[in-house]
Amino acid sequence: MLQNLPPEILITIFSNLDLPSITALTTTCKAFHDLCRNESIWANLSYRQFNVDLKVTATFSPRLFYRTLLYPYRKAVGVWQRKNLKHYGSILKVTPKSDGIHLQELVAPTKIFGDFKVFDFVKIGYDENSDKVVFENRSRFPKGGRACVKVNGVAGLSVIFPELEESSANPSEWRQNITEFIETTYGKGTQLTDLGLHRFIETLQANSFHRYEKLEPPLPNTQNLPITQGYFFGTYGDHGIEVVQVKSFHLSPQTSSAISDIGGLKITGDPNIAAGQITFRIIDDKCLNLTLQDQESMAQVEKFDKTPRYVDYFDGLELDFRVPEDCHEREKLDFQRCRGRWRCEGQIAQHGGYDARFIPAHFILFDEDYFSVLFIELGSIVLYRRITDLLF
């Protein structure tokens, strides 16, 4: 009989169970109920489920920490996209740690080869004395006041600041806030521009309420597509570095075997193409075969596009590549070969998203982590770098 085993053996067994099993054991008999209160069981469960290493002390209970904080806010853990700004988006990463659950803002770097800048936003903590959850506002913007975090599977994640400090009455605070916001977003020493001011005002107007939807890890490349789905930095000129999700738009993404199902979706955005909008989409499965001469100028590329030539794509294919001499490079491209090239469409629009339309473009794959989109009508090429590992 299980009850006849020594308590230390039972605790070892119980320490490998999941929460439903532990909960069920507590209802079987008083002995098991008492054993399931052992702190090591809950410390082990916290580590296995959340990768959080909890230590038992005279004033800290892993069992209460798990039941009061980790489990109730388990659905908050992950990566989130802000959804209640008109044009822009932002990324929030929620990570459980031994002192609470940390919400951190991830801000894109000023250069495509950089990493996210990480800023504390809110901490969900646990007060041992009161046995209650405590929200701590750690945000750089907005500053001051209480914070509240709400999460559920349908509405997503919400962060509310009900007591924001009013800075509009103090011009010096306005200047300080704007300067800090611009330098954080666009880099140290950046001068204020109309685009920067627009972004600051849009963010300020929605400062008391932040609504997020969860970003899911990309699907594995089970269909051996030329490119694996994922998240990328992209160079978008005066708008800076933006985050783009490369994904399949097929009704059943898991079974899609056509590269023409692949496109790029803005995760962050700008006043031209907002967050949540398509920035490019591949429209043809046939791989283009351009010579170096076809790529000498944008006129040559346009000429090729009228009577294109194709090559059968295979894993390991290498094609010549160069940037047309009159093409604007948003980031210097040193690639001389590419793995494949396909016709696609890039979306452009006026400020505010007006007159949006798709124009001819080329999707150019360099390797698993880098690709470009050549906007033919604009004479501009955008470089993208995979950053999935920085998020998940």
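Here, every reference points to the structure presented above.
A few points on the structure. As the structure is a computational prediction, the values presented were derived from the model and not from experiment.

### Topic: the packing of aromatic side chains
Okay, step 1: Using the criterion set out here, one finds 24 aromatic pairs in the structure.
Okay, step 2: A centroid spacing of 5.5 Å and a plane angle of 80° characterise the contact between Phe-121 and Phe-161, whose relative ring orientation is edge-to-face. Within this pair, whereas Phe-121 is found in strand β4 (residues 117-127), its partner Phe-161 is found in the loop between β7 (156-160) and α6 (171-186), the two being separated by 40 residues in sequence. Of the two residues examined, Phe-121 and Phe-161, each falls in the buried class.
Okay, step 3: Linked through ring pairs, Phe-232, Tyr-236, Phe-280, Tyr-313, Trp-342, Phe-363, Phe-371 and Tyr-384 together constitute an aromatic cluster.
Okay, step 4: Of note, Arg-74 hangs over the ring of Tyr-71, and the distance from its end group to the ring centre comes to 3.8 Å.

### Section: the pairing of β4
Okay, step 1: Pairing between strand β3 (residues 100-107) and β4: 7 bridges, direction antiparallel. Across the sheet, Ile-101 pairs through a bridge with Ile-124, a residue of β4.
Okay, step 2: Taken together, the 6 bridges between β4 and strand β5 (residues 132-137) define a ladder with antiparallel strand orientation. The residue bridging Tyr-126 from the neighbouring strand is Val-133, located in β5.
Okay, step 3: Taking the residues that link successive antiparallel strands as the turn, the β4-β5 hairpin has 4 residues, and the phi of Asp-131 there is positive, at about 55°.

### Regarding the pattern of salt bridges
Okay, step 1: In this structure the tally under the stated criterion is 22 salt bridges.
Okay, step 2: Here Arg-146 ties to Glu-163 by a salt bridge, and the two come within 2.9 Å at their closest N and O atoms. One end of the pair, Arg-146, is in the loop between β5 and β6 (148-152); the other, Glu-163, is in the loop between β7 and α6, with 17 residues separating them in the sequence.
Okay, step 3: Judged by its relative accessible area of 46%, Arg-146 is partly exposed.
Okay, step 4: Through salt bridges with shared partners, a single ionic network connects Asp-120, Glu-136 and Arg-138.

### A few points about the packing of helix α4 (residues 39-50) against helix α5 (residues 62-70)
Okay, step 1: In contact at an axis separation of 7 Å, α4 and α5 are set at 45° when each is read in the N-to-C sense. One element, α4, and the other, α5, form an angle in the oblique class. Where α4 abuts α5, its residues Glu-39, Trp-42, Ala-43, Leu-45, Ser-46, Gln-49 and Phe-50 lie against Pro-62, Arg-63, Tyr-66, Arg-67 and Leu-70.
Okay, step 2: Residues of the contact of α4 with α5, tallied by class, amount to 7 nonpolar, 2 polar and 3 charged.

What counts as what
- Residues numbered from 1 in each chain as written.
- Predicted model: local features only at pLDDT ≥ 70, side-chain atom pairs only at ≥ 80, totals over all residues.
- Heavy atoms only, no water.
- Phe/Tyr/Trp six-rings, centres within 6.5 Å; stacked < 30°, edge-to-face > 60°.
- Helix = DSSP H or I, 4+ residues; strand = E, 2+ residues; numbered from the N terminus.
- Buried < 20%, exposed > 50% of the residue type's maximum accessible area, 1.4 Å probe, protein only.
- Lys NZ or Arg CZ within 6 Å of the ring centre and 35° of its normal.
- Pairing = 2+ DSSP bridges.
- Salt bridge = Lys/Arg side-chain N within 4 Å of Asp/Glu carboxyl O.
- Axes fitted to C-alpha atoms, helices over the stretch in contact; angles between N-to-C directions.
- Parallel < 35°, antiparallel > 145°, perpendicular 65-115°, else oblique.
- Contact = heavy atoms within 4.5 Å.
- Nonpolar A, V, L, I, M, F, W, Y, C, P; charged D, E, K, R; others polar.

Honestly, that's just the spatial picture; any functional story needs more than this.
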